[in-house]
Every structure is written in C-alpha cells, then in structure tokens.
Amino acid sequence: MTNHTPAGAAPGAAAAKATGPGTLITVAPTGAESRKSAVPALPVTLDELVTTAKECQAAGAAVIHVHIRDDQAQPTLDLARLTDTVAALREGTDLIVQLSTGGAVTDGFEARLAVLDAAPDACSLTCGTVNFGDEVFSNPWPFSNPWLLIRDLYERTRERGVVPEFELFDLGHVATLHRLLGDLGAPHGGHVHCDLVMGVPGGMPGNAATLVQAVSALPPGATWSATGIGRTSLPVMFAALSAGGHLRVGMEDTVSFARGRPVTGNAELVERAAALAELAQRPPMRPDQARALLGVNGRR
Ligand code: KMH
Ligand code: ZN
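The text that follows walks through the structure, step by step, so that each part is easy to find. For every chain, the first residue of the written sequence is number 1, and numbering continues from 1 along that sequence. Think of it this way: whatever chain is written first is A, whatever ligand is written first is 1, and the rest follow in order. This being a predicted model, a pLDDT of at least 70 is required before a residue's local features are given, and a value of 80 or more before pairs of side-chain atoms are given or counted; all residues contribute to the totals for chains, interfaces and linings. Based on all heavy atoms of the structure, the side-chain values leave hydrogens and waters out of the count.

1. Observations concerning the sheet that holds strand β9 (residues 163-168)
Two strands pair under a simple rule: DSSP has to find at least two bridges between them. Each helix is a run of H or I in the DSSP string that is no shorter than four residues. Each strand is a run of E no shorter than two, and both are numbered from the N terminus. Strands sit in the order β1-β2-β5-β6-β9-β10-β11-β12 around a closed barrel of 8 strands; the barrel is parallel. Direction aside, the axes of adjacent strands within the sheet are offset by 30° on average. The pairing of strand β10 (residues 193-198) with strand β11 (residues 223-228) spans 6 bridges and is parallel. Looking at the pairing, L196 lines up with A226 of β11. The contact criterion used is simple: two residues touch if any of their non-hydrogen atoms lie within 4.5 Å. For helices, the fitted axis covers only the stretch in contact; all axes are lines through C-alpha atoms, and the angles between them, taken along N-to-C directions, range from 0 to 180 degrees. Running at roughly 160° to β11, helix α8 (residues 233-242) makes contact with β10, β11 and β12 (246-249) of the sheet. Against the sheet, helix α9 (residues 266-279) makes contact with β1 (25-27) and β12, and its axis sits at roughly 165° relative to β1, the strand it touches most.

Right under this line is the structure:
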C-alpha cells in the first residue's frame, strides 16, 4: 500500500488554512452488527483493529470510530478492554480515537455512559431514537431517573473533555441537536461536528435530496460528515463531497465493495474515499489537521 500524501499546510500553520479545503475521513472498521463468521475480514481482535487502523491512516483516515468485541467476537463495552484499545490505538497510530457510545442495540444506558471512563479523544453521541432494521436503537432525551441519556451523555463529555460527534440518523435528530446546544451550550473543543448516518432501515434514506435537506438544518458553523449504509454508501459519498461535507466509511457501514464483491478490508474503503476526495480537490486531512478542525486536544 502506498502512503497517502497529506494535504494542506504544515503543522503550526494557521488552523483555518490547515483545515480549509481538506476532507476529514473517518473509518468505522467494525461496528456492532456484522458477525465475524459471516464477514471474516471484519477486525474483531485488538491486533486486527490496530493493524487495520494503521492501514487506514496510511490510506488517508484521520479519525477512527471504534466498537470492540469480546473473545467470542461479540460486541462488548467492557471498560478494561475499551481502555486498552484506546491505549493501543494511540500507541500505534496518530488517529483521533472516537469511541462509540451507541454500542449495540442491546447495550444498556449505564454501560454506554461509562464508555467515557476509557478517556477517548472523542465519542459518538446519537441525538435520538431510531428504528434499526428489526430492532430499536434507543436514545431517549428523558428516559427515567437517573438516566437522561442524551443530556447526561452530553454533560459528561463536557466534564471529561471528550469531543462529541453528533450522530444524526433522522431529521428529528437535528432538532434534538439544536435543543441540546440551546439548553447546555457548546461542546468541549467549541466546535460542532455531526455525522449523518443515512440509509439505516428506519432512519433517513441515503440519497442526495435528503442529505441536502439535513445539511441545511444544521446549526450555523457546524461541520459534518456523512455515511451511507450498505448500497447507499456510494451515492452518499458523492453527495457529501459535492455538498462540501466530510466522509465516514468502513465495514461498520458496508461490507460490499461492489455488487457481489465483499470488502476485503477497511483500507480499501478508505483508499476509495481518499481517491474521490483527491478528485474533488479536497484531499484527505492529516490527523493533526483534523484535531485543529474538531477541537480535539493533543495527546494526553
Ligand atoms: N450499533 C448501532 C446500534 C454509534 O456508534 O454511536 C449504533 C451505532 C452508533 O453504531
Ligand atoms: Zn458506531
């Protein structure tokens, strides 16, 4: 694999210049939904995760969105494993480590809130409940005391100095994002960055018209990336690039590279996204440029 040639100014240049025209590429390598037995290329061990992370950084990724698995390759939010994972990814890469607080649809709110105890750079924060295929991905504003998931999670990110990425699966989630920011103020780092997760059965569809509508409703000054689940991956990627957005790709979101051709590894998805970003003349951002954009602190 060839190393990606980084875009923009050298570290230390003005942040606006360093972050202006580039494309932030996030890789979501594992997710909680695919089974290792069905998708052998899925990275599920710590070694597999770090290896794929290194390859994806070389291919142009700047952020890694992390779900982990247990020894049976089942999704887990085990705190010791999460903490080890953050350390190993920091040791092996320069990527911004964004832990999922969404977990699997079966995970409880308390365990999802406790993800922040692993002290990642960043975390996902989903702004509402959504039907999720045959399941429900539950993200209530008011649940029942003592858990008010969205609010509590957001407050905890601010207390812990973790930069949230607001996951928006539906247009109603954008309204909740406005409510959250209006009630509680700006996130740690001072910058609002969202990820449109499109094409989940039960969420907003993955097409250009919906993307434009969602983007037009975002708070002023917010940046955003988009990802299309399954066969909506390419239409959403093209729409996001043409609308000035950033990209998320990875085997959490799609396990087919093309019709009838399984993904062989996360790096080829990042390579394709990086090539399209280059073609759009908004080449991939380096991790240090992404840190400046998102307000993520340097390494702790
Ligand atoms: N696995 C989905 C139920 C997130 O990471 O924050 C939720 C998800 C969102 O993947
Ligand atoms: Zn996720």
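That covers the picture; the talk isn't over yet.
2. Regarding the environment of S242
Mapped onto the secondary structure, S242 falls in helix α8. Each C-alpha atom of the pair S242 and A208 lies 9.5 Å from the other, and the pair is 34 residues apart in sequence. Residues adjacent in sequence count toward polar contacts only when both atoms are side-chain atoms; beyond that, a polar contact is any pair of N or O atoms within 3.5 Å, and within protein one must be able to donate a hydrogen and the other to accept it. A polar contact is formed between the side chain of S242 and the backbone oxygen of A239, at a distance of 3.0 Å.

3. A look at the environment of T126
Relative to the helices and strands, T126 is located in strand β6 (residues 122-126). Taking the C-alpha atoms as reference points, T126 and D71, separated by 55 residues in sequence, lie 27 Å from one another. In contact with T126, not counting residues within four places along its chain, are F137, N139, I150, E167, F169 and H173.

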